[in-house]
Amino acid sequence: MASLFAWLYAPGFFLLFNGLAISLLHGRPQAAWLLVPLLLLAILLSLLAERWRPYEKQWNRDHGDSRRDVTHAFVNESLNLFSIAAIPLVAALLPHFSAWPLHWPFFLQWLLAVVVADLGITLMHWFSHRSAWLWRLHAVHHSVQRMYGLNGLMKHPLHQAAEALAGTVPLLLLGMPVSVAAGLAFAIAIQLLLQHSNVDMRVGPLRKVFAWAPLHRFHHLKYGRAGDVNFGLFFTLWDRLLGTAFDSRYRVAGGDLGIGSEPDYPKGWRAQMLAPFRQRQRHPVPVLPQGLRTEN
């Protein structure tokens, strides 16, 4: 039973919750508010699954970060809701080409939005590891020292806004409707839960397609440039094109995560909001473990 759960968890979670969201939104843009309780249910099931079938048991223990992560999630998802509500106003201000394929089935419209947004967000993510200023904002997310679903929603709001703009401006210019935008925002939240999940999942050949936790854990390695891999949000395609795709049999543990050059990165929410604007002391990057030296 546990083995079957490990194989079915990621695709089942992804299909179940996105399928429910698409069903709710199809022809009913006013139903977008129902995605809020649906997301809360997804978070609850994610936490329960992590406790039943954990990848790393110690990551289920509070490291003094649970309240902070809840605050991050609440603030960032509230901003997402505000952004969705503001789409009609933004659309009125932006020039657009009225080229959105409204005649397509809703699922295909949603899929188009996911693919286009994934490319924009992935490129912004990649650039955030190369721009000193963007990295200061993005470092908040990389400061985590354990990985579990909820800290996928842990981001500095300014960096979240940068990624959102990169992913959605092309879609808004095409005339993306509010219902599709709501489905996209929900899909991103579900994917972040799966990317950072502490479930001991087995994804088999799907790891060549979806950027779920077994691949994304390598992105959070604290060993300097070793973590400059697997930038994709939804799909691995963009990393293969960028030359940043990486996979390994190395088992990522708690001591492998964080920002190696900043082991004392602030842990509180308020301190993390201010951290990008303050000078910080840098430390030598930890040595890459032997198990990764020949592969990375």
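Above this text you will find the structure in question.
**Looking at the packing of helix α5 (residues 106-128) against helix α8 (residues 178-195)**
Angle between the axes and distance between the axes: these two values describe a pair of packed helices.
Link 1 in the chain: Orientation of α5 relative to α8, taken along the N-to-C sense of each, is 55°, at an axis distance of 9 Å. Between α5 and α8, the angle is such that the two are oblique. In the packing of α5 onto α8, the handedness of the crossing is right-handed. Note on element contacts: α8 touches α5 through S179, V180, G183, L184, A187 and I188, opposite F106, Q109, W110, A113, V114, A117 and I121.
Link 2 in the chain: Each residue belonging to the contact of α5 with α8 can be placed in one class, and the counts come to ten nonpolar, three polar and no charged.

**Topic: helix α6 (residues 132-142)**
At 3.6 residues per turn, the α-helix brings residues three or four places apart onto the same side.
Link 1 in the chain: Burial runs high along α6: eight of the eleven residues are buried.
Link 2 in the chain: Listing the buried residues of α6 in full gives L134, W135, L137, H138, A139, V140, H141 and H142.
Link 3 in the chain: Of the surrounding secondary structure, the elements contacted by the buried residues of α6 are α3 (66-85), α5, α7 (157-174) and α11 (269-274).

**Things to note about the packing of aromatic side chains**
Link 1 in the chain: Scanning all chains against the criterion turns up 13 aromatic pairs.
Link 2 in the chain: Their ring planes at 55° and their centres at 5.7 Å tell us that W133 and F277 sit as a pair that is tilted. With W133 in helix α6 and F277 in the loop between α11 and α12 (290-293), this pair connects stretches of sequence that are 144 residues apart.
Link 3 in the chain: Relative to F246, the ring of F218 lies with its centre 5.2 Å away and its plane at 85°, an arrangement referred to as edge-to-face. On the criterion of sequence distance, the pair formed by F218 in the loop between α9 (213-216) and α10 (237-242) and F246 in the loop between α10 and α11 is long-range, its members being 28 residues apart. Each member of the pair F218 and F246 is classed as buried.
Link 4 in the chain: Linked through ring pairs, F5, Y9, F13, F17 and W52 together constitute an aromatic cluster.

**Re the environment of M154**
Link 1 in the chain: Mapped onto the secondary structure, M154 falls in the loop between α6 and α7.
Link 2 in the chain: M154 gets classed as buried once you look at its relative accessible area, which sits at 0%.
Link 3 in the chain: Expressed as a C-alpha distance, the spacing of M154 and H72, which sit 82 residues apart in the sequence, is 5.1 Å.

**Quick look at the nonpolar core**
Link 1 in the chain: Residues I190, L194 and M201 are the most contacted members of the largest nonpolar core, which totals 52 residues.
Link 2 in the chain: For this core, the secondary structure elements donating two or more residues are α1 (2-25), α2 (35-52), α3, α5, α7 and α8.
Link 3 in the chain: A per-element tally of this core places α8 first, with 13 residues.
Link 4 in the chain: Non-local contacts of I190, meaning those with residues more than four positions away in its chain, are made with F13, F14, F17, N18, L39 and A42.
Link 5 in the chain: In terms of nonpolar packing, the next biggest core, distinct from the first, is built from 14 residues, M147, A226, V229 and L292 among them.

**Some remarks on the pattern of salt bridges**
Link 1 in the chain: By the definition in use, this model includes eleven salt bridges.
Link 2 in the chain: As a salt-bridge pair, E262 and R282 come within 2.6 Å of each other at their nearest N and O atoms. Here the residue E262 occupies a position in the loop between α10 and α11, and R282 occupies one in the loop between α11 and α12, the gap between them amounting to 20 residues.
Link 3 in the chain: Between D264 and R280 there is a salt bridge whose closest N-O contact spans 3.2 Å. Within this pair, whereas D264 is found in the loop between α10 and α11, its partner R280 is found in the loop between α11 and α12, the two being separated by 16 residues in sequence.
Link 4 in the chain: Here the salt bridges share partners, and the residues they tie into one network are D65, R68, D69 and R146.

**Here's the deal with a nonpolar patch on the surface**
Link 1 in the chain: A cluster of nonpolar side chains, W104, F107, L108, L111 and V115, forms an exposed patch at the surface whose accessible area comes to about 390 Å².
Link 2 in the chain: Along the polypeptide, L108 turns up in helix α5.

**So, the environment of D256**
Link 1 in the chain: Considering the arrangement of structural elements, one finds D256 in the loop between α10 and α11.
Link 2 in the chain: For the pair D256 and R280, spaced 24 residues apart in sequence, the C-alpha separation works out to 21 Å.
Link 3 in the chain: With sequence-adjacent residues up to four places away left out, D256 is seen in contact with H220, L221, K222, Y223, Y250, R251 and P289.
Link 4 in the chain: In terms of polar contacts, D256 uses its side chain to reach the backbone amide nitrogen of A253, at 2.9 Å.

Reading guide: rules and limits
Residues numbered from 1 in each chain as written. Predicted model: local features only at pLDDT ≥ 70, side-chain atom pairs only at ≥ 80, totals over all residues. Heavy atoms only, no water. Axes fitted to C-alpha atoms, helices over the stretch in contact; angles between N-to-C directions. Helix = DSSP H or I, 4+ residues; strand = E, 2+ residues; numbered from the N terminus. Parallel < 35°, antiparallel > 145°, perpendicular 65-115°, else oblique. Left-handed = near helix turned anticlockwise from the far one by under 90°. Contact = heavy atoms within 4.5 Å. Nonpolar A, V, L, I, M, F, W, Y, C, P; charged D, E, K, R; others polar. Buried < 20%, exposed > 50% of the residue type's maximum accessible area, 1.4 Å probe, protein only. Phe/Tyr/Trp six-rings, centres within 6.5 Å; stacked < 30°, edge-to-face > 60°. Core = buried A, V, L, I, M, F, W, Y, C linked by side-chain atoms within 4.5 Å. Salt bridge = Lys/Arg side-chain N within 4 Å of Asp/Glu carboxyl O. Patch = residues over 30% accessible without salt bridge, like charges linked within 9 Å, V, L, I, M, F, W, Y side chains within 5 Å. Areas by Shrake-Rupley, 256 points an atom, 1.4 Å probe, with all protein chains shown as cover. Polar contact = N/O pair within 3.5 Å; in protein donor to acceptor, adjacent residues only side chain to side chain.

Note that every value here comes from positions in space, so none of it alone points to a role or purpose.
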